Amino acid sequence: MSTLTSIDELRYGTAVQRAPVSEQPLTDHALLEATRTGDGEAFAELVGRYRNQITSYIYRMTNDYDGAVDLAQETFVRVYQAAERYHSSYAFSTYIYRIATNLAISELRKRKRRRLVSLTGFFTATDDAEAREFNPPDARPLQDVELVDSERRAAVARAISTLPEKYRAPLVLRDVEGKSYEEIARILETSEGTVKSRISRARGFLRDKLKTYL
Amino acid sequence: MDCKAFRTESEELATGESLSRKAQAHLDSCAACRAFQTERLSLRQLIGSLEPVNAPPDFDFQLRARLATAKSAGNHAAHRSWFAPSPKAISGAVAFVLLVMGAIVFKNVQPTQLGSQVATGNSEPAKAVIAPQQRQADAPEQVAVAAQAQSVAAPQNKPLASRPSEVVRAKNGTERILQAKQTRSASPAPSSRTLTADLTFGSNPPVITRERPSATTSMEEKDATALLRVSSQPFKVMLHDRQGALRSVSLEPVVFGSQDFLGRATQRHQPSANGEGIW
């Protein structure tokens, strides 16, 4: 005895042919093309593919979760509004990461203008000068390994957030997001050589800040 | 392979990739590069240990609301842009308003300046008249009054008394009272200046001569007033000094209603000491 899977089978019998389900998922370009024509589901699919990546990337750039969610939504709003002007010369991921990067850098510059100092942060964010440590890490042995890992991750995140923005974006894209140099260069609209040198410089900064954890 | 080339390759190596054979050989022989490699791998592992952050569950819902808001805002913006004037039009309107305001201000300021120039005696013609007088401190000034546009005859100089007797009445029996007032500029007054006023009426013009006060006279005291009785016909006042400067002023007769107030022979107006009561 076969199992009924739809109301049509109950009405017309199991002989009703099921619609073939496409095995190949639509590409990002195809989804954006569908979005252009007003297909809301296609845009929802795009959002589902990239919402976590973009949120995580912006969070690593800004070290502020609520702000990262807000900027991630703004990124998708801009993608939706600019769908008509989108050119598929590059990968869609490059396009959306570029928008996210620009929004994140813009937010960082706004913060710099406001000169907000976090009471919980222990680094200051300066562009070219070396970051100053407010609260050096506690050298006492910690009791719980999980707590140690958590504290270390928090220290790394804060250390990244103190990097100058021109070093921060390529480092996050390379070492956190795992993008290739070529794609990073496209996202940041610069040359691969510049990307490589900035990443190397950023690692040098981080090495000095995270000496106690290495 | 040298250390620089090794470190470059090590930096560019993706996570999980292995070194080339040459780089591996250099790594085996160079302790500094081994330390560098260990440190960089540790750092990359540390950075890679950061857990990915997920979007909140209501991300899609919030995004839909935001898109709806952006759409409505875009429609409002489109309506605004449809009815809003262009920047060129705004700048043109602003320029027009500024032009009109400038013209109004200029019109209002110009008479005030002229008035102040007359009040202070700083106008250009006054300077032209006064300048020769300043050159010759002792040069007397003549005031000639020619009734009914007659030419000035030979003056009969008569000395005037000092103030308040600066106001002198003519002796030829005319019935009109005339005040000729002259205001000087604020330039320093030369000492012992003599003012001569020639009043000519027909063939027998009255002459007013006023001796100026001493050098201690203030600027305000330099007004010369000539009080004349003339007929009710129009007449002309001609002011000239010995430097050749000549000014002519036409005066209309004054009539108060139907009454020829000034024409009555019996009515004489006695001016006060400060000149009040004289028109």
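Definitions and cut-offs
Sequence order sets the numbering: in each chain, residues are counted from 1 along the sequence as written. By the order in which they are written, chains take letters starting at A while ligands take numbers starting at 1. Selection of residues for local features in this predicted model requires a pLDDT of at least 70, selection of side-chain atom pairs for listing and counting requires 80 or more, and totals for whole chains, interfaces and linings are taken over all residues. Runs of H or I in DSSP of at least four residues are treated as helices and runs of E of at least two as strands, each being numbered from the N terminus. Each residue gets a C-beta atom placed from its backbone, and two residues are in contact if those atoms lie within 7 Å. Here the C-beta atoms are placed from the backbone, and a residue counts as buried if at least 20 other C-beta atoms lie within 10 Å of its own, exposed if 12 or fewer do, and partly exposed otherwise. Residues are grouped as follows: Ala, Val, Leu, Ile, Met, Phe, Trp, Tyr, Cys and Pro are nonpolar; Asp, Glu, Lys and Arg are charged; all remaining types, including Gly, are polar. Angular values range over 0 to 180 degrees, each being the angle between N-to-C directions of two axes fitted as lines to C-alpha atoms, with helices fitted over their stretch in contact. Should an angle fall under 35 degrees it is taken as roughly parallel, and over 145 as roughly antiparallel, whereas 65 to 115 is taken as roughly perpendicular and any remaining angle as oblique. Multiplying 1.5 Å by the residue count of a helix minus one yields the expected span of that helix. Rotating anticlockwise by less than a right angle from the far helix to the near helix defines a left-handed crossing, while the corresponding clockwise rotation defines a right-handed one. Bend, in this description, refers to the angle at a residue between axes fitted to the seven residues ending there and the seven starting there. The nonpolar core is taken to be a set of buried Ala, Val, Leu, Ile, Met, Phe, Trp, Tyr and Cys residues joined by way of C-beta atoms within 7 Å. As a per-residue measure, pLDDT tells how confident the predictor is, with possible values from 0 to 100.

Before we move on, could you go through the overall build of chain B and cite the residues and values that matter?
Across its full length, chain B holds six helices and eight strands. Mapped from its N terminus to its C terminus, chain B presents α and β elements in the order α-α-α-α-α-α-β-β-β-β-β-β-β-β. In chain B, the proportion of contacts linking residues at least 24 apart, taken out of those at least 6 apart, comes to 75%.

Can you explain the overall build of chain A? Please cite residues and give values.
What chain A contains, in helices and strands, is nine helices and zero strands. Mapped in sequence order, the helices and strands of chain A form the string α-α-α-α-α-α-α-α-α. Looking at chain A as a whole, 33% of its 214 residues qualify as buried. In chain A, 59% of the contacts between residues at least 6 apart in sequence involve partners at least 24 apart.

Help me get a handle on the interface of chain A and chain B, residues and values and all.
Residue-level contacts link 29 residues of chain A with 25 residues of chain B. Of all the secondary-structure elements, those providing two or more residues to the side of chain A that touches chain B are α3 (40-62), α4 (65-81), α6 (145-161), α7 (165-176) and α9 (192-209) of chain A. For the side of chain A that touches chain B, the class distribution of residues is 16 nonpolar, six polar and seven charged.

Tell me about unusual backbone geometry, and name the residues and values.
Positive phi values are uncommon outside glycine, yet N63 of chain A reaches one of about 55 degrees. Judged by the 22 C-beta atoms lying within 10 Å of it, N63 of chain A is buried.

So what about the packing of helix α8 (residues 181-188) of chain A against α9 of chain A? Which residues, and what values?
Residue and element names in this part refer to chain A. Relative to each other, α8 and α9 sit at 100 degrees, their axes nearing to 8 Å. Looking at the two axes, α8 sits roughly perpendicular to α9. Contact residues: Y181, E182, I184, A185 and L188 in α8; E192, V195 and K196 in α9. A class-by-class count of the residues in the contact of α8 with α9 yields five nonpolar, no polar and three charged.

Quick rundown of α7 of chain A? Include the residues and the values.
Relative to the 16 Å expected for 12 residues at 1.5 Å per residue, α7 of chain A spans 15 Å between its end C-alpha atoms, a close match to the ideal helical length. Taking burial as the measure, the 12 residues of α7 of chain A include 10 buried ones, the bulk of the element. Looking only at α7 of chain A, the buried set comprises Y167, R168, A169, P170, L171, V172, L173, R174, D175 and V176 of chain A. Those residues of α7 of chain A that are buried are in contact with α3, α5 (92-114), α6, α8 and α9 of chain A together with α3 (31-48) of chain B. G178 of chain A occupies a position one or two residues after α7 of chain A and carries a positive phi of about 75 degrees.

Lay out the packing of α3 of chain A against α7 of chain A in plain terms, naming residues and giving numbers.
When two helices pack together, their arrangement is given by the angle between the helix axes and the distance between those axes. Residue and element names in this part refer to chain A. Relative orientation of the contacting elements α3 and α7 amounts to 135 degrees, with a least axis distance of 10 Å. If you check the angle between α3 and α7, you find them oblique. In the crossing of α3 with α7, the sense of the turn from one axis to the other is right-handed. Residues Y57, R60 and M61 of α3 lie in contact with α7, whose contacting residues are R168, A169, V172 and V176.

A description of α3 of chain A should follow, citing residues and the corresponding values.
Along α3 of chain A, the helix axis deviates most sharply at Y50 of chain A, where the bend reaches about 45 degrees. Of the residues one or two after α3 of chain A, N63 of chain A is the one with positive phi, at around 55 degrees.

Provide a residue-level description of the nonpolar core, including the pertinent values.
Within the largest apolar cluster, 49 residues are counted, with the highest numbers of intra-cluster contacts made by I58, A72, I96, A100 and V172 of chain A. When residues of this core are assigned to their parent elements, the largest contribution, nine residues, is made by α3 of chain A. Apart from the residues lying within four places of it in its own chain, the contact partners of A72 of chain A are R51, I54, T55 and I58 of chain A together with A55 of chain B.

Could you give me a rundown of the confidence of the model for chain B, with the residues and numbers involved?
Residues and elements named next belong to chain B. Confidence along chain B averages 63 in pLDDT terms, with 41% of residues attaining 70 or more. Averaged over each element, pLDDT in chain B is lowest for helix α6 (residues 124-135) (39) and highest for α3 (87). Low pLDDT (under 50) marks residues 115-197, which in the prediction has 191 contacts with non-local residues, meaning those over four places away or in another chain. If you check the scores for this complex, the pTM reads 0.51 and the ipTM reads 0.70.

Outline the environment of V195 of chain A, supporting the account with residue identities and numerical values.
Residues and elements named next belong to chain A. Within the element layout of this structure, V195 appears in helix α9. With 25 C-beta atoms packed within 10 Å, V195 lands in the buried category. In this structure, the C-alpha to C-alpha distance between V195 and Y167, residues 28 residues apart in sequence, is 8.6 Å. For V195, the contacting residues outside a window of four places in its chain are P170, Y181, I184, A185, L188 and T190.

How would you sum up the confidence of the model for chain A? Please name residues and give values.
For chain A, the mean per-residue pLDDT works out to 80, and 76% of the residues sit at or above 70. Counting interchain partners and residues more than four positions distant, the pLDDT-below-50 stretch residues 124-130 of chain A has eight contacts.

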